[in-house]
Amino acid sequence: MTIISADRTHADAWDAYVATSPQASFYHRYGWRRLNDGTLDHRSFYLAALDGSRIVGIFPFVQVRSRLFGNLGCSMPFVNYGGPCADTPEIEARLLDRGREIATELGLDYLEIRSRRHLGEALPCATHKVSLTLALPSDPDVLWKSFKTGHRQDIRRGYKNGFVARFGGADLLEPFYEVLSESWRNLGTPLYNRHYFRTLVETFPDSTRVCVVYAGDEPAAAAFDGIHGQTMEGMWMGTKAKYRHRLISYVLYWELIKHAAERGFTRFHFGRSTADSGSETFKKKWNASVAQLYWHYLLPEGASMPALNVDNPRYKMAIDVWRRLPIGVTNVIGPSIARCIP
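Residues numbered from 1 in each chain as written. Predicted model: local features only at pLDDT ≥ 70, side-chain atom pairs only at ≥ 80, totals over all residues. Heavy atoms only, no water.

Helix and strand counts for the protein come out as 11 helices and 15 strands. Relative to the 2.2 N^0.38 estimate, which gives 20 Å for 342 residues, the radius of gyration of the protein is 20 Å and therefore close to what a compact globule would have. Once the C-alpha set of the protein is aligned to its principal axes, its extents read approximately 60 × 45 × 35 Å. Split into buried and exposed, the 342 residues of the protein put 54% on the buried side. Residue pairs at least 24 apart in sequence account for 72% of intrachain contacts in the protein once pairs closer than 6 positions are excluded. (Helix = DSSP H or I, 4+ residues; strand = E, 2+ residues; numbered from the N terminus. Rg over C-alpha atoms; globule rule 2.2 N^0.38 Å. Buried < 20%, exposed > 50% of the residue type's maximum accessible area, 1.4 Å probe, protein only. Contact = heavy atoms within 4.5 Å.)

See the structure below:
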């Protein structure tokens, strides 16, 4: 067995492995290299384990280097998770060893591995993130009847405000971006530029879905989902502040879930949340099951685990300032900051 750095010539074989590996996700597809290297100007490393000419394991990660946060690596940045996928634990260990070698060569402050599986006690691990997934019946009405009475009432109350959902792709990117620009500004979070989302749809035209919920002619809530196998993968969503008290989030999520069930998907992934957060509580209302995520770290000798997250008090002042900036300003300066926050 050999470990190689995969390139474009391996893209089809790489994606064929991702399509069949039970450990792989939408974020393991080779096309993300176009986003991270070409659109965000980072450097990706796509390690593949070969048995002869056959891929038997993969490990993609990205070097994210900036003056703001240092020189770090992540598998995978800007999305829900990543990590190695391999046919055997031995192959996985070889991939991780090569990842450590590259991290040392690059002088990385750390290599963060966002995994859905625990990768062993040898790697430091943080468990502050969880993943929430809903099993979908073929008939959305079955799911509807499984909700608590109060939850169904909240969804109905949302619809009484006259919200209408539309589904599409590139045609809905502009209203999607309008909603997220406000929503993320209010959260104190910089947003990627329009080109990032446009390139994402171009890269995965048959595996992305955009939903916009309108209040009359105004986009009021929006979501961007990916498709992998039988899973509809929640990636980004947001709502405009003036519509939140009208329960628009309930309308948005029910439209996403119903749409996925009606099209034959068997799972709806709500994305990741911080454990014990309000986000996790809301997603549980939809009967989503919770699974632990494991943020493992490959660290230089003597280094401690990083704390690059919104809960770090170090970033509280910056977040508060960002929330007060005009959207026109955050849309201009935000993308250059967002590309540095994995």
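Buried residues dominate strand S2 (residues 43-51), accounting for 7 of its 9 residues. For strand S1 (residues 2-5) and S2, the ladder comprises 4 bridges, and the chain directions are antiparallel. Note that in S2 the partner of Ile3 across the bridge is Ala49. One ladder, built from 9 bridges, connects S2 with strand S3 (residues 54-66); its direction is antiparallel. The partner of Ser44 across the bridge, within S3, is Val62. Connecting the antiparallel pair S2 and S3 is a turn made up of 2 residues, with Gly52 showing a positive phi of about 70°. (Pairing = 2+ DSSP bridges.)

What follows deals with the packing of helix H6 (residues 173-187) against helix H10 (residues 316-323). Across the interface, H6 lies against H10 with an axial gap of 7 Å and an inter-helix angle of 140°. One finds that H6 runs oblique with respect to H10. Judged by residue contacts, Arg185, Asn186 and Leu187 of H6 engage Ile319, Trp322 and Arg323 from H10. For the contact of H6 with H10, the per-class residue count stands at 3 nonpolar, 1 polar and 2 charged. (Axes fitted to C-alpha atoms, helices over the stretch in contact; angles between N-to-C directions. Parallel < 35°, antiparallel > 145°, perpendicular 65-115°, else oblique. Nonpolar A, V, L, I, M, F, W, Y, C, P; charged D, E, K, R; others polar.)

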